Amino acid sequence: MQPQERTFPISAGILFGVGLGGFLDGIVLHQVLQWHHMLSSRYPISTIEDLELNTLWDGIFHSSTYLFVAAGLFILWRHAHRRHLYWSSKLLIGTMLIGFGAFNFIEGLINHQLLGLHHVNETVAEAYRIYWDIGFLIWGAIMVIIGWLLLRAGKKEQWAQQTMAR
């Protein structure tokens, strides 16, 4: 009987990364720095009603990022009970970076550029907001690339260990 191959739940790491990327965005950019809120380009924080609307949508946003983390934890937990789980820091960090970077890139393209719901830094002059938005996209792309490189390295290590075990 051939031993069962050990695997790593890549989707868990990606979901963790998406959720943690959303948490960082919401906590640091929305709450701590207060550079923007979910709808602040369309509903600037100039009235109590607009602040309440933005706060509500910030909460909905945070709730969705929480669900991504919970889903990642659920998948990792289900795999952890199996004896064939392959534990790898490179695979976990790599997939988290892919998810985190994908969150930044996709959120930046959709919310900042296509829908114009908000920009990364709305405290700067409007002419400079695009540079913050582009930096956010580049940062996301760099995280995806680094994550992909770590994922490849982790898979090579996994393959090497499994080949030696046979």
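Provided above is the structure to which this section pertains.
Because the structure is predicted, anything quoted here is derived from the model rather than measured.

Draft legend 1. Inspection of the overall build of the protein at higher detail. Within the protein, the regular secondary structure consists of 4 helices and 0 strands. Overall, the protein shows an N-to-C arrangement of helices and strands of α-α-α-α. Taken over the C-alpha trace, the protein has a radius of gyration of 19 Å; the compact-globule value for 166 residues is 15 Å, which it surpasses by more than 25%. Looking at the 166 residues of the protein, the share that counts as buried comes to 39%. Taking contacts inside the protein between residues at least 6 apart in sequence as the whole, the part at least 24 apart equals 78%. Accessible area for the protein stands at about 9,900 Å²; split by element, carbon and sulfur atoms hold 69% of it. Each charge sign in the protein was given a centre, from 11 positive and 11 negative side chains, and these centres are 25 Å apart.

Draft legend 2. Structural context of helix α3 (residues 89-114). Between its first and last C-alpha atoms α3 spans 35 Å; for 26 residues at 1.5 Å apiece the expected length is 38 Å, and the two agree. The largest bend in α3 comes to about 30 degrees, at Gly108. Capping the start of α3, Ser88 holds a side-chain oxygen 3.4 Å from the backbone nitrogen of Lys90, two or three residues further along. Downstream of α3 by a residue or two, Gly116 has a phi angle that is positive, lying close to 60 degrees.

Draft legend 3. Up close: the pattern of salt bridges. Evaluated as defined, the whole model comprises 1 salt bridge. Its salt-bridge partner being Glu157, residue Lys90 comes within 2.6 Å of it at the nearest N-O pair. On the criterion of sequence distance, the pair formed by Lys90 in helix α3 and Glu157 in helix α4 (residues 126-165) is long-range, its members being 67 residues apart.

Draft legend 4. Structural view of the packing of helix α1 (residues 10-32) against α4. Interaxial distance between α1 and α4 falls to 13 Å at its minimum, and their mutual angle equals 155 degrees. Comparing their axes, α4 and α1 come out roughly antiparallel. As for the relative orientation of α1 and α4, their crossing is right-handed in sense. The residues of α4 that touch α1, namely those facing Ile10, Leu24, Asp25 and Leu29, are Phe136, Trp139, Leu151 and Lys155.

Draft legend 5. View of unusual backbone geometry. Backbone geometry places Gln34, a non-glycine residue, at a positive phi of 55 degrees. By secondary structure assignment, the location of Gln34 is in the loop between α1 and α2 (48-80).

Draft legend 6. Representation of the packing of α1 against α2 within the structure. With their axes 7 Å apart at the nearest point, α1 and α2 run at an angle of 155 degrees to one another. Judged by the angle between their axes, α1 and α2 are roughly antiparallel. Where α1 crosses over α2, the handedness of that crossing is left-handed. A class-by-class count of the residues in the contact of α1 with α2 yields 15 nonpolar, 9 polar and 2 charged.

Draft legend 7. The packing of aromatic side chains, seen in detail. Inspection of every chain in the model, using the stated rule, returns 5 aromatic pairs. With a centroid separation of 6.0 Å and an interplanar angle of 40 degrees, the aromatic rings of Phe61 and Phe103 are classed as tilted. Here Phe61 is found in helix α2, whereas its partner Phe103 is found in helix α3, with 42 residues between them in sequence. Of the two residues, Phe61 and Phe103, both sit in the buried class. Each residue in the set Phe100, Phe136 and Trp139 is aromatic and connected to the rest through ring pairs, giving one cluster.

Draft legend 8. Just α1, in detail. When the terminal C-alpha atoms of α1 are compared, their 31 Å separation across 23 residues agrees well with the 33 Å that a helix rising 1.5 Å per residue should span. Of the residues trailing α1, Gln34 is marked for its positive phi of about 55 degrees.

Draft legend 9. Geometry of the nonpolar core. Val18, Met38, Leu39, Phe61, Phe103 and Leu117 form the largest nonpolar core, which has 6 residues in total. Those residues within four positions of Phe103 in sequence are excluded, and the remaining contacts are Val18, Gly21, Gly22, Asp25, Phe61 and Gly108. Counting residues in each nonpolar core, the second largest holds 5 residues, with Phe8, Leu91, Ile98 and Leu151 among its members.

Scoring rules and cut-offs
Residues numbered from 1 in each chain as written. Predicted model: local features only at pLDDT ≥ 70, side-chain atom pairs only at ≥ 80, totals over all residues. Heavy atoms only, no water. Helix = DSSP H or I, 4+ residues; strand = E, 2+ residues; numbered from the N terminus. Rg over C-alpha atoms; globule rule 2.2 N^0.38 Å. Buried < 20%, exposed > 50% of the residue type's maximum accessible area, 1.4 Å probe, protein only. Contact = heavy atoms within 4.5 Å. Areas by Shrake-Rupley, 256 points an atom, 1.4 Å probe, with all protein chains shown as cover. Lys, Arg positive; Asp, Glu negative; His and termini not counted. Charge placed at Lys NZ, Arg CZ, Asp CG, Glu CD. Expected span 1.5 Å × (residues − 1). Bend = angle between axes of the 7 residues up to and from the residue. Polar contact = N/O pair within 3.5 Å; in protein donor to acceptor, adjacent residues only side chain to side chain. Salt bridge = Lys/Arg side-chain N within 4 Å of Asp/Glu carboxyl O. Axes fitted to C-alpha atoms, helices over the stretch in contact; angles between N-to-C directions. Parallel < 35°, antiparallel > 145°, perpendicular 65-115°, else oblique. Left-handed = near helix turned anticlockwise from the far one by under 90°. Nonpolar A, V, L, I, M, F, W, Y, C, P; charged D, E, K, R; others polar. Phe/Tyr/Trp six-rings, centres within 6.5 Å; stacked < 30°, edge-to-face > 60°. Core = buried A, V, L, I, M, F, W, Y, C linked by side-chain atoms within 4.5 Å.

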